[in-house]
Amino acid sequence: MIDKILLKQVVEKSLEGTGLMLIDLTVNSSNEICVELDSADGVDIDSCARLTRVIEEAFDRDVEDYQLEVGSSGLTSPFKVHAQYAWNIGHDVEVLTRDGRKLHGVLSAVEDGAPLDTDVRFTIEVPVKVKEPGVKKPVIKQEAVNLNSGECKYVRCDLKF
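Scope of this entry: the structure provided in the associated data block.

Conventions used here
- Here the residue numbering is sequential within each chain, running from 1 through the sequence in written order.
- Thresholds applied to this predicted model are a pLDDT of at least 70 for local features of residues and 80 or more for the giving and counting of side-chain atom pairs; totals over whole chains, interfaces and linings are not thresholded and use all residues.
- With hydrogens and water excluded, all non-hydrogen atoms of the structure serve as input to the side-chain values.
- Runs of H or I in DSSP of at least four residues are treated as helices and runs of E of at least two as strands, each being numbered from the N terminus.
- In what follows, residue pairs with any heavy atoms lying within 4.5 Å of each other are defined as contacts.
- Given the number of residues in a helix, its expected span is that number minus one, multiplied by 1.5 Å.
- To sort residues, take the accessible area from a 1.4 Å probe on protein chains only and compare it with the maximum for the residue type: under 20% means buried, over 50% means exposed, and anything in between is partly exposed.
- Arc definition: directions from the helix axis to the C-beta atoms.
- The definition of a polar contact used here is a pair of N or O atoms within 3.5 Å, where within protein one atom must be able to donate a hydrogen and the other to accept one, and adjacent residues in sequence count solely through side-chain atom pairs.

This part covers the environment of L159. When you line up the elements, L159 lands in the segment after β8 (152-157). It is 20 Å that separates the C-alpha atoms of L159 and V81, two residues lying 78 residues apart in sequence. Setting aside residues up to four positions removed in sequence, L159 forms contacts with L75 and T76.

Below, the structure is given as structure tokens:
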């Protein structure tokens, strides 16, 4: 089986100075490797191809056969680390809380933390209908909702087509 620790070291060394970040790396018992990358500017196919070549040079398929997938975390993938929250401040997000609420709003703040922290406190601004005295129609106002990533099943970019 592929040594996951060595693989992670190879990937992280290859990503130094590129602006790319390793978001997730999995190796299962069938030697299926999945490397998930992200950056503030997105991930292009050339970066994935370059990393694929680096991994293939470091791990000879003739010695140990494996399946390799290198890709970006994707626009609709859930955020996994602090950096992804920070990169998306000001963007529309969709949040599904553990108690079943689905919130759509703008990610307005993220508490400080290390880029790879998975426990993230953040604030989203959600539209709320408010009936003001003397006004016939409800008014839409923004309300801040403070959450912790542990309270959520997922947080991801909210793409409206």
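With 14 residues, helix α2 (residues 45-58) should cover 20 Å at 1.5 Å per step; its first-to-last C-alpha distance of 20 Å lies within 8% of that length. Every buried residue of α2 is accounted for by S47, C48, L51 and I55. In an axial view of α2, the angular spread of the buried residues amounts to 100°, which keeps them on one side of the axis. Across α2 from its buried face, at more than 90 degrees, point the exposed residues I45 and E57. Each element contacted by the buried residues of α2 is listed here: α1 (4-15), β2 (32-38) and β3 (67-72).

Okay, the side chain of N88 next. One can find N88 in the loop between α3 (82-87) and β4 (92-97). Judged by relative accessible area, which is 12%, N88 ranks as buried. Among the polar contacts listed, one links the side chain of N88 to the backbone oxygen of Q84, at a separation of 2.7 Å. Those residues within four positions of N88 in sequence are excluded, and the remaining contacts are F79, L107 and C157.

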